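Chain residues, written in single-letter form:
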Amino acid sequence: MSNYHIKHLEEYFQVYRKSIRNPESFWDEVAEEHFVWRKKWDKVLDWDFSKPEIKWFEGAKLNITENCIDRHLHIRGDKTAILFEPNDPKEEAQHITYKELHEKVCKFANVLKDKGIKKGDRVVIYLPMIPELAISLLACARIGAVHSVVFAGFSSTALSTRINDCGAKMVLTSDGSFRGSKTIDLKGIVDEALTQCDSVESVLVAKRTKTEVTMEEGRDFWLEPLLEKAYADCEPEVMDAEDPLFILYTSGSTGRPKGMVHSTAGYMVYTAYTFKNVFQYREDDVYWCTADIGWITGHSYIVYGPLANGATTVMFEGVPSYPDFGRFWEIVQKHKITQFYTAPTAIRALAKENLDFVTEYDLSSLKILGTVGEPINEEAWHWYNDHVGEKKCPIVDTWWQTETGGVLISPIPFSTPTKPTYATLPMPGVQPALMDENGNEIKGNQVDGRLCIKFPWPSIARTIWGDHKRYKETYFSAFDGKYFTGDGALRDEVGYYRITGRVDDVIIVSGHNLGTAPIEDAINEHQAVAESAIVGFPHDIKGNALYGYVILKETGESRNRENLKKEINQVITEHIGPIAKLDKIQFVPGLPKTRSGKIMRRILRKIASKDTSNLGDTSTLLNPEVVEKIMEESL
Ligand code: 6R9
């Protein structure tokens, strides 16, 4: 039996049981067999959730880039490591082999060293989805610098807040970025951010859009000429298992951003292990995750997890709607993608368009589909399954968080039977628990509660940069001795988990915290509804009542609004019960979303309770104009 690659359900249960009975020997074996170490660990795990302190593979020495690059050179040096698909379909795709990746990363690492970056220094990366982005993460890791990627769609304020929080010495950026038909002036945004930052000594600028930019003498340098001169080999810095690998700020749908710190060895072992199993990766596969490397999904499942497995990983610079809504499927056909991993928000957007955009392309190379980021509603799940997977590709609904580093709950394709809207079963080594409001664990099946994890897994974030107290308060204080995810979940009759949404957003209905997802799912079943979001608002008599924001499909626009409201409540009554009926329904043109596609319910809640004087941090909001519109027309 191989611990590393699970191939059927029976094997999953065997491996899972073993991983719970003796987590240390389980992870010891995985780490021993599948990675290269400069020195093995003295102890597999040391942990105390009350402090909290978590250490995996203490005493081990390694460099993650040796695992992601060097060790592949002899066996798959000429294999494509990174397949870059540009924004403009007319521009040629780039195939970067493992050998080329090695050279590029080494050169980049030497440039960083030349500019004074040393082990432990923080480097903020504000780059579009071009190869330099993936290469820069690896270059930092090569020399032990701590990278902190800021999604290149964030504003200058969001950028400067993050630079200051981690005290970055350097910023990596580009002249501009292409997104669909738009060109964005990234360097200008960096310049503006840097007026607020003192720690940054140098800025390296990659050339992409060839737009004119201002270069500040002594601070700003073009990357290319430096790379050209750089030496093509760079000895990897030997790191301790627990040395920080990167800081990544959570998307900030609630309050001030938190710089989650991930360490080296545990993160590597867990992302590689889950990548292999969740995507059943095989040597000749071409794997594509559509996320941006600015999110944890991109870190773990575009860069580190795939490369640690010697995979071919696709990086796409553009957007799903350019030059038209068939772009994703055109890419699947062109590169014969085998695993395709995206977010429900993208699926819903594409499902709204004409089906011809999908059927026009040959998607027969696909074997496995994945989703991540928010609960996937039933309608979107079926659309994905029927039209993209043509009913032959299992859908892995992967639940996890920036804080967890890797996937915690997901089906293992071809092993775990899937069920729409269910993330199904925990990964080996992961021990979920559902908790009630009084802090007791709810045992048994067909129950719902707050989702906690009872035992550490290797890639759990170790702290919040500069604020360990906040780390403890946020994740380890709500439930004694457990990591609290902030999500609500239910466990069905066979023990499958369904994530129902953030518990801050939960509205207690008839003693049950149904979560926002199942109610929204019901609303979305109405044929005129494209998308919806519900929040609670104070109600004189009931204490709490439901307010629904509903986006109509084009076909619903001409319908009588009062009738639609009745019908929507009828659908909710049928699916959930009259208790979950909405008191107010507002038809809206869009929903406020973070740039990673998550609904900012905090804002909707404020509008519903007529408390709009201070909307909090909106610097990561994708569509501020929608908020204005919703406020104007609120009920
Ligand atoms: C990986 C990522 C984390 C939050 C998480 C949960 C929601 C993610 C989900 C899901 C239902 C899934 N979430 N995956 N909800 N089903 N498959 O998205 O990290 O950006 O930190 O967000 O996203 O609410 O707590 P992050």
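Owing to the predicted nature of the structure, the values given are computational and were not obtained by experimental measurement.

**Q** How would you summarise the sheet that holds strand S26 (residues 497-502) if you had to cite specific residues and measurements?
**A** Strand order in the open sheet formed by five strands is S22-S21-S23-S25-S26, with antiparallel pairing between adjacent strands. Of all strands in the sheet, those with a lone pairing partner are strand S22 (441-442) and S26, marking the two edges. Two strands pair when backbone bridges link them, and strand S23 (residues 447-453) and strand S25 (residues 483-491) are joined in this way by six bridges, in the antiparallel orientation. In the strand pairing of S25, Arg-450 is matched with Gly-488.

**Q** Which residues make up the pattern of salt bridges, and what values do they have?
**A** A full pass over the atoms with the stated rule returns 44 salt bridges. Residues Lys-419 and Asp-492 are paired through a salt bridge, measuring 2.8 Å at the closest nitrogen-oxygen approach. In this pair, Lys-419 is assigned in the loop between strand S20 (395-397) and strand S21 (432-435) and Asp-492 in the loop between S25 and S26, connecting sequence segments 73 residues apart. Looking at Lys-419, the relative accessible area reads 25%, which means it is partly exposed. Classification of Asp-492 by relative accessible area gives buried; the value is 4%. A salt bridge links Glu-562 to Lys-565; its shortest N-O distance comes to 3.7 Å. Separated by three residues within a single helix, Glu-562 and Lys-565 lie in helix H18 (residues 561-575), roughly one turn from each other. Judged by relative accessible area, which is 49%, Glu-562 ranks as partly exposed. Each member of the salt-bridge network shares a partner with another, and the members are Lys-187, Asp-191, Glu-216, Arg-219 and Asp-220.

**Q** Describe the nonpolar core, and please don't skip the residues or the numbers.
**A** If you look at the biggest cluster of nonpolar residues, it comprises 123 residues, and the most contacted ones within it are Trp-27, Trp-37, Phe-57, Leu-101, Leu-112 and Tyr-304. Non-local contacts of Phe-57, meaning those with residues more than four positions away in its chain, are made with Trp-27, Ala-31, Trp-41, Lys-43, Val-44, Ala-241, Ala-265, Gly-266, Val-269 and Pro-458.

**Q** An account of the site of the ligand is needed here, citing residue identities and associated values.
**A** Within the structure, the ligand sits among 16 residues, and Asp-397, Thr-398, Thr-402, Asp-487 and Arg-502 are positioned closest to it. Contact distances for the ligand include 2.5 Å between an oxygen atom and a side-chain N or O atom of Thr-402. In the environment of the ligand, an oxygen atom lies 2.9 Å from a nitrogen or oxygen atom belonging to the side chain of Arg-502. When isolated, the ligand has an accessible area of 530 Å², and the protein chains bury 92% of it. When contributions to the shell around the ligand are tallied by element, the ones reaching two or more residues are helix H11 (296-308) and S26. When its residues are assigned to classes, the shell around the ligand shows six nonpolar, five polar and five charged.

Cut-offs and rules
Residues numbered from 1 in each chain as written. Predicted model: local features only at pLDDT ≥ 70, side-chain atom pairs only at ≥ 80, totals over all residues. Heavy atoms only, no water. Pairing = 2+ DSSP bridges. Helix = DSSP H or I, 4+ residues; strand = E, 2+ residues; numbered from the N terminus. Salt bridge = Lys/Arg side-chain N within 4 Å of Asp/Glu carboxyl O. Buried < 20%, exposed > 50% of the residue type's maximum accessible area, 1.4 Å probe, protein only. Core = buried A, V, L, I, M, F, W, Y, C linked by side-chain atoms within 4.5 Å. Contact = heavy atoms within 4.5 Å. Near = heavy atom within 4 Å. Polar contact = N/O pair within 3.5 Å; in protein donor to acceptor, adjacent residues only side chain to side chain. Areas by Shrake-Rupley, 256 points an atom, 1.4 Å probe, with all protein chains shown as cover. Nonpolar A, V, L, I, M, F, W, Y, C, P; charged D, E, K, R; others polar.

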